[in-house]
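Next come the chains, spelled out residue by residue.
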Amino acid sequence: MVAIKGHFDGKVFVPDEPVDLPRGQRLILHVEPAPESNQPAGDAWSVLDLLSGSVEAPPDWAAEHDHYLYGTPKRSEKKEE
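Residues numbered from 1 in each chain as written. Predicted model: local features only at pLDDT ≥ 70, side-chain atom pairs only at ≥ 80, totals over all residues. Heavy atoms only, no water.

Novice: Help me get a handle on the packing of aromatic side chains, residues and values and all.
Specialist: Here the structure, examined in full by the defined rule, presents two aromatic pairs. Where F8 meets F13, the ring centres are 5.0 Å apart and the plane angle is 45°; that geometry is what we call tilted. By relative accessible area, which is 48% here, F8 ends up partly exposed. Considering the side-chain rings of W61 and Y68, the 5.8 Å spacing of their centres and the 35° angle between planes classify their relative orientation as tilted. Residue Y68 is classed as partly exposed on the basis of its relative accessible area of 31%. (Phe/Tyr/Trp six-rings, centres within 6.5 Å; stacked < 30°, edge-to-face > 60°. Buried < 20%, exposed > 50% of the residue type's maximum accessible area, 1.4 Å probe, protein only.)

See below:
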């Protein structure tokens, strides 16, 4: 089964992209409303404002990001040795 995104123009179903099917091909359509787009609208600054935020992280996150992301030893531990 192939999922094809499209819209209903009030009379017929119209695919949003080209469909590789022979002309006249008989089909069975199962119609399911698409979820609303979660893409923010507006100018670039409005989009950045909507998508930016804070992350809960340890106080040394910036200095020790390799440790938290990749499991490398902490830099502060290397200096103590």
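Novice: I'd like a rundown of the pattern of salt bridges, residues and numbers included.
Specialist: Once their charged atoms are close, side chains differing in charge can pair, the charge on each being opposite to the other. Taken as a whole and judged by the stated rule, the model has one salt bridge. The partner of D60 in a salt bridge is K74, with the nearest N and O atoms 3.2 Å apart. Of this pair, D60 sits in the loop between helix 1 (44-51) and helix 2 (65-70) while K74 sits in the loop between helix 2 and helix 3 (75-80); the two residues are 14 residues apart in sequence, bridging distant segments of the chain. Residue class for D60 comes out partly exposed when judged on its relative accessible area of 25%. We classify K74 as buried; its relative accessible area is 19%. (Salt bridge = Lys/Arg side-chain N within 4 Å of Asp/Glu carboxyl O. Helix = DSSP H or I, 4+ residues; strand = E, 2+ residues; numbered from the N terminus.)

Novice: Quick rundown of the side chain of K74? Include the residues and the values.
Specialist: Polar side-chain contacts of K74 include one of 3.2 Å to the side chain of D60. Beyond its immediate chain neighbours, meaning those up to four positions away, K74 contacts D60, E64, H67 and Y68. (Polar contact = N/O pair within 3.5 Å; in protein donor to acceptor, adjacent residues only side chain to side chain. Contact = heavy atoms within 4.5 Å.)

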